[in-house]
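What follows is each chain in one-letter form.
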Amino acid sequence: MRTFEEVKDNLKSQISAILKVTIGEIEYDKMYNKKQYEKDQTTKIIGVQKMQSYLDNIDEVTIIRIGNDVNRIIEQFQNTIKTNPLNIYNNFYSTVQSWYMYSPIVLELHELDLKLSDFECFRTMNYTEAVNKFIELMNVNFGTNIPLPGAVDEALNEYYEKTDEHEKAQAFMRLRELQRDSGLLEHAGDFTLLNNDKAYQQAKEICSSKTYL
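Not measured: the values here are computed from a predicted model.

Draft legend 1. Fine view of the layout of surface pockets. One number sums up the size of the largest pocket: a volume of about 310 Å³. Surrounding the largest pocket, 17 residues form its lining, Asn71, Pro149, Gly150, Val152 and Ser182 being those nearest its centre. Broken down by element, the lining of the largest pocket gets its largest block of residues, four residues, from helix α3 (residues 58-83). Looking at the lining of the largest pocket residue by residue, the classes come out as nine nonpolar, five polar and three charged. If you add up the space inside the second largest pocket, you get close to 200 Å³. Lining the second largest pocket are Ile81, Pro85, Ile88, Tyr89, Phe92, Phe122, Arg123, Met125, Tyr127 and Ala130. Secondary structure elements with two or more residues in the lining of the second largest pocket: α4 (85-90), α7 (121-124) and α8 (127-142). Along the lines of polarity and charge, the residues of the lining of the second largest pocket split into nine nonpolar, no polar and one charged.

Draft legend 2. Molecular detail of the nonpolar core. If you look at the biggest cluster of nonpolar residues, it comprises 48 residues, and the most contacted ones within it are Ile73, Trp99, Phe119, Phe122 and Phe134. When residues of this core are assigned to their parent elements, the largest contribution, eight residues, is made by α3. Leave out the neighbours within four places in its chain, and Phe122 touches Phe77, Ile81, Phe92, Tyr127, Ala130, Val131 and Phe134.

Draft legend 3. Quick peek at the packing of aromatic side chains. Evaluation of the coordinates by the stated rule reveals 13 aromatic pairs. Centre to centre, the rings of Tyr28 and Tyr32 are 5.1 Å apart; their planes meet at 45°, and the pair counts as tilted. Of the two residues, Tyr28 and Tyr32 both sit in helix α1 (residues 4-32), four residues apart, roughly one turn of that helix. Residue classification places Tyr32 among the exposed residues on the basis of a relative accessible area of 57%.

Draft legend 4. Spotlight on α1. A rise of 1.5 Å per residue sets the reference length of α1, with its 29 residues, at 42 Å; its end C-alpha atoms lie 42 Å apart and thus fit the reference within 8%. Looking only at α1, the buried set comprises Phe4, Val7, Lys8, Leu11, Ile15, Leu19, Thr22, Ile26 and Asp29. Among the structural elements, α2 (34-56), α3, α6 (106-112) and α8 are those in contact with the buried residues of α1.

Draft legend 5. Molecular detail of the packing of helix α9 (residues 151-161) against helix α10 (residues 165-181). Two numbers describe how α9 lies on α10: the axes approach to 9 Å, and their chain directions differ by 160°. Judged by the inter-axis angle, α9 sits roughly antiparallel to α10. With respect to the hand of their crossing, α9 and α10 are arranged in left-handed fashion. Contacts between α9 and α10 involve Ala151, Val152, Ala155, Leu156, Glu158, Tyr159 and Tyr160 from the former and Lys168, Ala171, Phe172, Leu175, Leu178 and Gln179 from the latter. Across the contact of α9 with α10, the residue classes tally to ten nonpolar, one polar and two charged.

Draft legend 6. Looking closely at the pattern of salt bridges. In the structure shown here, the tally under the stated rule is twelve salt bridges. The closest approach of N and O atoms between Lys8 and Asp59, which form a salt bridge, is 2.9 Å. In this pair, Lys8 is assigned in helix α1 and Asp59 in helix α3, connecting sequence segments 51 residues apart. Assessed through its relative accessible area of 39%, Asp59 is described here as partly exposed. Members of the salt-bridge network, linked through shared partners, are Glu5, Lys8 and Asp59.

About the cut-offs
Residues numbered from 1 in each chain as written. Predicted model: local features only at pLDDT ≥ 70, side-chain atom pairs only at ≥ 80, totals over all residues. Heavy atoms only, no water. 1 Å grid on protein atoms, 1.4 Å probe; cavity = no way out; pocket = protein on both sides within 12 Å on 5 of 7 lines; lining within 4 Å. Points joined across faces, edges and corners; volume = space filled by probe spheres on them. Helix = DSSP H or I, 4+ residues; strand = E, 2+ residues; numbered from the N terminus. Nonpolar A, V, L, I, M, F, W, Y, C, P; charged D, E, K, R; others polar. Core = buried A, V, L, I, M, F, W, Y, C linked by side-chain atoms within 4.5 Å. Buried < 20%, exposed > 50% of the residue type's maximum accessible area, 1.4 Å probe, protein only. Contact = heavy atoms within 4.5 Å. Phe/Tyr/Trp six-rings, centres within 6.5 Å; stacked < 30°, edge-to-face > 60°. Expected span 1.5 Å × (residues − 1). Axes fitted to C-alpha atoms, helices over the stretch in contact; angles between N-to-C directions. Parallel < 35°, antiparallel > 145°, perpendicular 65-115°, else oblique. Left-handed = near helix turned anticlockwise from the far one by under 90°. Salt bridge = Lys/Arg side-chain N within 4 Å of Asp/Glu carboxyl O.

Structural measurements only, silent on function.
If you want it as structure tokens, here you go:
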């Protein structure tokens with residue numbers, strides 16, 4: 001497996017490349033294609049600002065991406081188990097190898113550089129135990145805090161149960177942090193950063209208020 005720093009450096013390179021291309025397109029249109037510049041400049045400038053924000057918060061972006069990758073891998077592996085239970089039971093290694101090579105999340109597997117041996121827990125444990133063990137393995141390797149299945153739902157229920165302002169703010173912060181760590185704050189390559197999340201920052205201010213006893 002790669003390290004957290006290796007995944008981060010890879011992401012930084014990808015985002016920097018997108019940023020460079022977008023800035024180049026803006027400059028080109030500004031000089032040679034005024035109509036296109038006037039049409040797209042707002043959208044592209046927002047894109048530049050977004051990419052720069054990702055670079056400024058690259059650690060958080062990396063946490064979100066790793067959580068997203070891990071949970072997508074688990075989801076796809078679960079589908080393979082459901083579709084081929086006998087093959088998993090009788091021919092575990094060949095089935096996993098085939099899934100590894102032709103899986104729809106091959107990019108995620110390569111981004112984290114997972115090996116076939118990293119899925120060994122799914123051969124020797126029941127599924128729930130295997131998922132927990134797999135997440136534990138990922139967290140130890142990457143230094144992340146990917147929550148176990150059900151943790152986000154529990155945090156959401158806890159948030160709705162709170163009525164006190166400060167307790168509700170604390171519950172909201174915990175919910176958002178679990179969503180971040182599980183990768184739920186990435187959507188089609190766009191990241192919601194807690195540093196820029198007004199609701200999260202407002203809850204943080206409430207929790208740190210001097211009136212909180």
